[in-house]
Amino acid sequence: MYTLYYSPGTASMVVHMALIEAGAPHELKLVDIEQGAQRDPAYLALNPRGVVPTLVIDGRARHESAALLMMLADRHPDAGLAPAPGTPAREAFQQWLVYLSNTLMSTYRFWFYPPELGASEHPPHVRAALAAKIEGVWDYLDAELAARGPYLLGAECSAADLLLAMLMRWSRNMPRPASQWPALARLADLIRRRESWQRVYAIEGLSGW
């Protein structure tokens with residue numbers, strides 16, 4: 001039994017999906033970010049940074065969405081979350097997880113939280129620079145998917161695609177959402193048809209793209 005501390009539509013979403021994909025027994029604990037529950041001392045004892053997700057594995061609190069996907073892939077090798085260890089495809093899977101975490105997730109952090117760059121709201125030139133960096137990632141990923149897709153690893157879906165689809169969703173209110181890139185839009189359509197995506201939407205009360 002896993003325990004996932006989550007907030008709807010945040011970075012915990014992909015871990016929730018992975019648990020469903022793996023058929024892993026789990027319980028959910030809501031962290032109400034709007035009410036400041038991420039700063040509650042009891043939660044900070046599990047996650048000192050006060051962010052979601054936190055996944056409790058065998059009594060140990062673990063963090064970071066991409067890392068949690070790797071852990072779940074290792075613990076549930078038959079779930080299809082990742083290719084077999086020691087294969088070239090597994091190396092590519094790990095590469096994509098780190099890339100998405102280092103580029104998109106870190107840049108999104110600045111996009112959504114201007115105070116982390118020292119302002120209550122981004123000046124126009126900073127906002128434009130952050131948007132351009134994110135759009136550059138979409139350019140790269142769309143070209144990769146167009147050449148070798150429909151998924152990041154080719155014909156087979158993995159947890160890296162679940163992570164990418166979640167990050168695409170975060171762009172829905174940006175000046176150019178990721179769905180405007182054709183190969184990315186095709187991948188998003190494939191992921192949105194999956195049972196795990198639909199169940200997470202129902203459980204977390206999500207709507208729209």
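Data block above holds the structure.
Since we're looking at a predicted model, the values are computed, not measured.

Trainee: Could you clarify how one ought to interpret the overall build of the protein chain in this entry?
Mentor: If you tally the helices and strands in the protein chain, you get 8 helices and 4 strands. Computed over C-alpha atoms, the radius of gyration of the protein chain comes to 17 Å, within 12% of the 17 Å expected from 2.2 N^0.38 for 209 residues, which places it in the range of a compact globule. Overall size of the protein chain, expressed as C-alpha extent along the three principal axes, is 45 × 45 × 30 Å. Looking at the protein chain as a whole, 47% of its 209 residues qualify as buried. Counting contacts in the protein chain only where the partners sit at least 6 residues apart, residues at least 24 apart contribute 63% of the total. On the protein chain, roughly 10100 Å² of surface is accessible, and the fraction owed to carbon and sulfur atoms is 52%. The centroid of the 19 positive side-chain charges in the protein chain is displaced by 1 Å from the centroid of its 21 negative side-chain charges.

Trainee: Before we go on, may I ask you to explain the layout of surface pockets in this structure?
Mentor: Gaps left between atoms show up when a probe the size of a water molecule is rolled over them. Approximately 1100 Å³ is the volume attributed to the largest pocket. Taken together, 34 residues make up the lining of the largest pocket; nearest its centre are Thr10, Ala11, Arg109, Tyr113 and Trp170. Breaking the lining of the largest pocket down by element, the ones donating at least two residues are α3 (65-75), α4 (88-112) and α6 (159-170). With 7 residues, the single largest contributor to the lining of the largest pocket is α4. Broken down by class, the residue content of the lining of the largest pocket amounts to 16 nonpolar, 11 polar and 7 charged.

Trainee: Please explain the pattern of salt bridges as it appears in this structure.
Mentor: When their charged atoms lie close together, side chains carrying opposite charge are able to pair. All chains considered together, the criterion is met by 8 salt bridges. One salt bridge connects Arg49 with Glu64, and the closest N-O pair in it is separated by 3.0 Å. In this pair, Arg49 sits in the loop between α2 (41-46) and β3 (54-57) while Glu64 sits in the loop between β4 (60-63) and α3, placing the two residues 15 residues apart along the sequence. Arg49 gets classed as exposed once you look at its relative accessible area, which sits at 55%. You can call Glu64 partly exposed: its relative accessible area is 43%. For the salt bridge of Asp58 with Arg75, the shortest nitrogen-to-oxygen distance reads 3.3 Å. With a gap of 17 residues between them, Asp58 in the loop between β3 and β4 and Arg75 in helix α3 connect regions that are remote in the sequence. Residue class for Asp58 comes out exposed when judged on its relative accessible area of 54%.

Trainee: Would you take a moment to explain the sheet that holds β3 for this structure?
Mentor: What links the strands of a sheet is backbone hydrogen bonding, and the strands pair in either a parallel or an antiparallel sense. If you trace the 4 strands from one edge of the open sheet to the other, you get β2-β1-β3-β4, paired in mixed fashion. Two strands lie at the open edges of the sheet, namely β2 (26-30) and β4, each paired on one side alone. Direction aside, the axes of adjacent strands within the sheet are offset by 25° on average. The strands that α3 touches are β1 (2-6), β3 and β4; relative to β4, the one it contacts most, it runs at about 125°.

Trainee: What's the story with the nonpolar core in this structure? I'm lost.
Mentor: Side chains of a nonpolar character, in soluble globular proteins, are inclined to be buried together. By size, the foremost hydrophobic cluster in this structure holds 63 residues, and its most contacted members are Trp138, Leu141 and Leu164. With 10 residues, the single largest contributor to this core is α6. When residues no more than four places from it in sequence are discounted, the contact partners of Leu141 are Trp96, Tyr99, Leu100, Leu104, Leu152, Leu164 and Leu184. Counting 5 residues, the second largest nonpolar core, distinct from the first, contains Tyr5, Val31, Tyr43 and Val52.

So, how was this worked out
- Residues numbered from 1 in each chain as written.
- Predicted model: local features only at pLDDT ≥ 70, side-chain atom pairs only at ≥ 80, totals over all residues.
- Heavy atoms only, no water.
- Helix = DSSP H or I, 4+ residues; strand = E, 2+ residues; numbered from the N terminus.
- Rg over C-alpha atoms; globule rule 2.2 N^0.38 Å.
- Buried < 20%, exposed > 50% of the residue type's maximum accessible area, 1.4 Å probe, protein only.
- Contact = heavy atoms within 4.5 Å.
- Areas by Shrake-Rupley, 256 points an atom, 1.4 Å probe, with all protein chains shown as cover.
- Lys, Arg positive; Asp, Glu negative; His and termini not counted.
- Charge placed at Lys NZ, Arg CZ, Asp CG, Glu CD.
- 1 Å grid on protein atoms, 1.4 Å probe; cavity = no way out; pocket = protein on both sides within 12 Å on 5 of 7 lines; lining within 4 Å.
- Points joined across faces, edges and corners; volume = space filled by probe spheres on them.
- Nonpolar A, V, L, I, M, F, W, Y, C, P; charged D, E, K, R; others polar.
- Salt bridge = Lys/Arg side-chain N within 4 Å of Asp/Glu carboxyl O.
- Pairing = 2+ DSSP bridges.
- Axes fitted to C-alpha atoms, helices over the stretch in contact; angles between N-to-C directions.
- Core = buried A, V, L, I, M, F, W, Y, C linked by side-chain atoms within 4.5 Å.

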